[in-house]
Amino acid sequence: MFVWGVICFCLALAPSYAKQIAIVIDDVGNHERDLELLNLPGQLSFSILPHTPYSQLFARLASKENKELLLHVPMQSIENKVLGPGALTLKMNKWQLQTTLGHALATLPQVRGVNNHMGSALTQYITPMNWTMEVLKKRGLFFLDSRTTEQTQAQHAANLYGVRNIGRHVFLDNVPTEDALQSQLTQLKLLAQSQDSAIAIAHPYPTTISFLNKALPELIAQGFELVPVSQLVQHKYIQLAQQQNTHLPNNRRGIK
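Read on for a plain summary of the structure. (Residues numbered from 1 in each chain as written. Predicted model: local features only at pLDDT ≥ 70, side-chain atom pairs only at ≥ 80, totals over all residues. Heavy atoms only, no water.)

Before going further, it helps to examine the pairing of strand E3 (residues 68-75). Counting buried positions over the 8 residues of E3 gives 8, a clear majority of the element. Neither face of E3 is open: one carries Glu68, Leu70, His72 and Pro74, the other Leu69, Leu71, Val73 and Met75, and all of them are buried. Where strand E2 (residues 45-48) and E3 come together, 4 bridges link them in parallel fashion. Counted as the bridge partner of Phe46 is Leu69 from E3. Relative to strand E4 (residues 113-118), E3 runs parallel, the two sharing 6 bridges. Paired with Leu70 across the two strands is Gly113, which belongs to E4. Read from E3 through helix H3 (residues 94-107) to E4, the crossover connection turns out right-handed. (Buried < 20%, exposed > 50% of the residue type's maximum accessible area, 1.4 Å probe, protein only. Helix = DSSP H or I, 4+ residues; strand = E, 2+ residues; numbered from the N terminus. Pairing = 2+ DSSP bridges. Right-handed = clockwise from strand over helix to strand, strands pointing away.)

The structure is reproduced here in structure tokens:
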């Protein structure tokens, strides 16, 4: 009873998460110009491609500025696009996949989570996703599903292994024009208003960076809060705990 009473008390004191937006910038690390991403306003998260020329320098500089980092793991796509170093593929056995992922993580110890780069093929298969989540569970990392396919099994595997996870809602710049970016940002804001929070993924395209430099201060002025994606992961599991608590008998909730 005492334990459930403490949980209820903590949940009651949990902060409000209304109108929170997390924006993750993917594909970081290939170019020196990526370092300029750290000048963008607000609390953004950055997902770094492993074994790229500027990955470790970016991670060191970002950590000094308390920016949140993820590992952007290349995963096999349906179109079999070139993936780059550190890629996970369907041809790998468990040892190969986990060793490749572990090596990538070892080069970037600053990361708090992982998301997939491409992956429309690999994320459809539960076995490689299970192997992936086994590594993340041991390291205490969360998983952001970029949702590059509707058939993704990534979050299902994460749930099986007890890995905290969440899914992307909007790609801001699949079409990297200002009009398209504005349209996607409007969709993101509507989602954040209707469900209290939303997650977007963007990329370090010059058009995107120019747009975000203008749009992010406006977003904050409109009452939205920019937060690291890990904060929305935490929010998700607080909500789940609250829902579970409401379905418990009174004596299990510490209520006499």
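As a further point, take the pattern of salt bridges. According to the stated counting rule, one finds 4 salt bridges in the structure shown. Between Glu134 and Lys94 there is a salt bridge whose closest N-O contact spans 3.2 Å. On the criterion of sequence distance, the pair formed by Glu134 in helix H4 (residues 126-139) and Lys94 in helix H3 is long-range, its members being 40 residues apart. Taking the relative accessible area as the measure of exposure, Lys94 reaches 33% and is therefore partly exposed. Glu134 is the partner of Lys138 in a salt bridge, and the nearest nitrogen-oxygen pair spans 3.8 Å. Here Glu134 and Lys138 lie together in helix H4, a separation of 4 residues that amounts to about one turn. The network of salt bridges with common partners includes Lys94, Glu134 and Lys138. (Salt bridge = Lys/Arg side-chain N within 4 Å of Asp/Glu carboxyl O.)

The next thing to look at is unusual backbone geometry. Positive phi outside glycine occurs at Arg147, with the angle close to 55°. Mapped onto the secondary structure, Arg147 falls in the loop between strand E5 (142-145) and helix H5 (154-161). One non-glycine residue with positive phi stands out, namely Asp196, at about 75°. Inspection of the secondary structure assignment puts Asp196 in the loop between helix H6 (178-195) and strand E8 (197-202). Asp196 sits in the partly exposed class, given a relative accessible area of 34%.

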